[in-house]
Amino acid sequence: MKPLEDYLVVDFSQFLSGPSAALRLADFGARVIKIERPETGDICRHLYTSNVIMNGESSVFHAINRNKESFAADLKNDADRARVWELVRRADVVMHNYRPGVMERLGFDYDSVRAQNPTVVYGEISGYGPDGPWRDKPGQDLLLQSVSGLTWLSGNEGSGPVPMGLSIVDMLAGAHLAQGLLACLLRRSLRGEGGLVQVSMLESAIDFQFETLTTFFNDGGQLPQRTRHNSAHAYLGAPYGIYQTQNGYLALAMGSIPKLGELLGCPALLNYPEPKQAFEQRDDIKATLAQHLRTATTEAWLAVLEPADIWCANVLTWDKLLQHEGFRGLDMVQTVQMTDGYQYQTTRCPIRLDGELLTSPIGSPQLGQDNARLQREFMTTNARQDA
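Residues numbered from 1 in each chain as written. Predicted model: local features only at pLDDT ≥ 70, side-chain atom pairs only at ≥ 80, totals over all residues. Heavy atoms only, no water.

By the definition in use, this model includes zero disulfides. In this structure C44 is a free cysteine whose sulfur lies 19 Å from that of C349, the closest cysteine sulfur available. Residue class for C44 comes out buried when judged on its relative accessible area of 0%. Free cysteine C266: the closest other cysteine sulfur is in C312, separated by 16 Å. (Disulfide = S-S within 2.5 Å. Buried < 20%, exposed > 50% of the residue type's maximum accessible area, 1.4 Å probe, protein only.)

What follows is the structure in structure tokens.
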């Protein structure tokens, strides 16, 4: 058995942050029922983040909603609300990622749910927290990266603010919510208490920067300085960065500059024998490295550096990564199938339990596909079947 089998999660969330948390609970064995609007459903079904459409809907929706059920209900309709309440009363976890105040207006806020389900574990993700002047701002990933200072840590000195090429704040908030929900479920199993787990995207983005912010707090308030070129970390010294080679790119992490000079056959690097020079003169060191590394292939440099235990790596594109034996040995790709027979490939849960992979062949749900079955299982009133 997976650890969360027999746990019921009723998930009102949509798009990325909340559904990513629910996905992890589903990977652990929980039964996750998505509550979706009739006709349109989760906004992520049709708010495309790429031009890849799978079975009529966004690739992102399929990636993040596998192994779930869908119940279509109009939360402003009394009959539908009554049906949803029958699920909520039985739920171990209820969760959402609406803006503050929305669930209160809909009547499914924590206090209302706890009144009918006293031991419920209730989770919510907001953009900027439940209070304060920003509470009603939209919690969108790029906006949170921007306001949190995160965009000043990537790119080179003259690049301006550079966002990460992933919805990283959404995913972090989802991971934090999953952690909080699991902690509360453990407490409930020990003490019989439910609880409220609140996560904001802004707090997740700030926590993501705990290393750099701690340095900032204790560095006299000096803003981070990215190097002029080959920057990969605003605080780390040379050689930390990605460098072009004769046929590709090479990543270099921390390491002794003189030792690199000897191994790479670059005498100019021997002029930096002191560890502090890796920080104080990192632009000069990186410029020297960048010029020298273009003279040979990535494979040639790796053949020299890896046996000497230098932290380095080839910079792979996805097509090359997927062909590499290191990737194939992980067995990270699984094929899942929707109820209409549509199959697609996606990633599996990255966590192993007792040495076993956490996989499931169940794909994402079609909108409202489980209404009739859930009505027979849970409800005394007729469920909406016209989604």
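Once the structure has been displayed, the description carries forward.
What follows deals with a nonpolar patch on the surface. Together, I242, Y249 and V315 give the surface a local cluster of nonpolar side chains, amounting to about 250 Å² of exposed area. Inspection of the secondary structure puts I242 in strand 9 (residues 241-244). Looking at I242, the relative accessible area reads 42%, which means it is partly exposed. (Patch = residues over 30% accessible without salt bridge, like charges linked within 9 Å, V, L, I, M, F, W, Y side chains within 5 Å. Areas by Shrake-Rupley, 256 points an atom, 1.4 Å probe, with all protein chains shown as cover. Salt bridge = Lys/Arg side-chain N within 4 Å of Asp/Glu carboxyl O. Helix = DSSP H or I, 4+ residues; strand = E, 2+ residues; numbered from the N terminus.)

Burial of strand 6 (residues 93-96) is two-sided: the residues V93 and M95 facing one way and the residues V94 and H96 facing the other way are all buried. Looking at chain direction, strand 6 and strand 7 (residues 121-126) are connected through four bridges and run parallel. Bridge pairing in strand 7 links H96 to E124. (Pairing = 2+ DSSP bridges.)

Any empty space left between atoms is shown by rolling a water-sized probe over those atoms. Roughly 1,600 Å³ of internal volume is contained in the largest pocket. Looking at the lining of the largest pocket, the elements with two or more residues in it are helix 1 (17-27), helix 2 (59-64), helix 7 (168-191), helix 14 (318-323) and strand 13 (343-347). Of the residues forming the lining of the largest pocket, the biggest block, seven residues, is contributed by helix 7. The volume enclosed by the second largest pocket comes to roughly 470 Å³. Lining the second largest pocket are 23 residues, with Q14, F15, N97, R99 and G139 sitting closest to its centre. (1 Å grid on protein atoms, 1.4 Å probe; cavity = no way out; pocket = protein on both sides within 12 Å on 5 of 7 lines; lining within 4 Å. Points joined across faces, edges and corners; volume = space filled by probe spheres on them.)

Turning next to the side chain of S17. One can find S17 in helix 1. Taking relative accessible area as the criterion, S17 reaches 3% and is therefore assigned buried. A distance of 3.2 Å separates polar atoms of two side chains, one belonging to S17 and the other to N97. Aside from chain neighbours lying at most four places away, what touches S17 is N97, I125, D170, A173 and G174. (Polar contact = N/O pair within 3.5 Å; in protein donor to acceptor, adjacent residues only side chain to side chain. Contact = heavy atoms within 4.5 Å.)

Everything listed is a geometric property; what it means functionally is a separate question.
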